[in-house]
Amino acid sequence: MLEERVRALAARLTDELVRAVRESLASEVEALVRAATRGGARLRLGGPGDARIGKQPVPVRCPVPGCTSPGVRARRNFCPEHGAALTDAERRALRGEAAPRGASRGRKRAR
Ligand SMILES: [Zn+2]
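In this text, all values refer to a predicted model and were calculated from it rather than measured experimentally.

On to the overall build of the chain, then. For the chain, the helix and strand inventory stands at 3 helices and 0 strands. The N-to-C order of helical and strand elements in the chain reads α-α-α. In the chain, buried positions account for 5% of the 111 residues. Considering only contacts in the chain between residues 6 or more positions apart, those separated by 24 or more positions represent 7%.

Of the residues in the chain, 84% reach a pLDDT of 70 or more, and the chain-wide mean stands at 80. When the elements of the chain are averaged for pLDDT, helix 1 (residues 2–37) gives the smallest value, 80, and helix 2 (residues 80–85) the largest, 94.

By secondary structure assignment, the location of P80 is in helix 2. Residue class for P80 comes out partly exposed when judged on the 13 C-beta atoms lying within 10 Å of it. Separated by 18 residues in the primary sequence, P80 and C62 have C-alpha atoms spaced 9.2 Å apart. Residue contacts for P80: discarding those within four places in its chain leaves V72 and R75.

This paragraph deals with unusual backbone geometry. Phi at R76 is positive, roughly 60 degrees, even though this residue is not glycine. Along the polypeptide, R76 turns up in the loop between helix 1 and helix 2. Its identity as a non-glycine residue notwithstanding, N77 has a phi of 80 degrees, on the positive side. Inspection of the secondary structure assignment puts N77 in the loop between helix 1 and helix 2. The partly exposed category is assigned to N77, around which 19 C-beta atoms lie within 10 Å.

Structurally, G83 can be placed in helix 2. For G83 and V64, which are 19 residues apart along the polypeptide, the C-alpha to C-alpha distance reads 9.7 Å. Apart from residues no more than four positions distant in its own chain, G83 is found in contact with V72, R75 and F78.

Mapped onto the fold, R95 is located in the segment after helix 3 (88–94). A sequence separation of 19 residues divides R95 from R76, and the C-alpha atoms of the two residues are 9.0 Å apart. Those residues in contact with R95, other than ones at most four positions away along the chain, are P63 and R76.

How each quantity is defined
- Residues numbered from 1 in each chain as written.
- Predicted model: local features only at pLDDT ≥ 70, side-chain atom pairs only at ≥ 80, totals over all residues.
- Helix = DSSP H or I, 4+ residues; strand = E, 2+ residues; numbered from the N terminus.
- Buried ≥ 20, exposed ≤ 12 C-beta atoms within 10 Å, placed from the backbone.
- Contact = placed C-beta atoms within 7 Å.
- pLDDT = per-residue confidence, 0-100.

Here it is, written out as structure tokens:
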């Protein structure tokens, strides 16, 4: 029967495909792990071996002259007090940054 032959062929093809995908996946994963561990070292992303766990945050100084409070990196290094008290333009000026294009037209954003 033709149908049976086609079915057998399809089954063989499927097996072959699964094997090929499995093999290429395995070597891809292996290459990724090797790259991530830079040869030899244990993979340390998440879990108890993660090198980021327990690290002290990088200390930063508030850019406001005379301010002794520690800055917060998520607030562009400003301390919480100054980060809330200053406007965007003032903070940019203190950091020596240029105003973004269109800043003079207000805070509206072009669509
Ligand atoms: Zn400050």
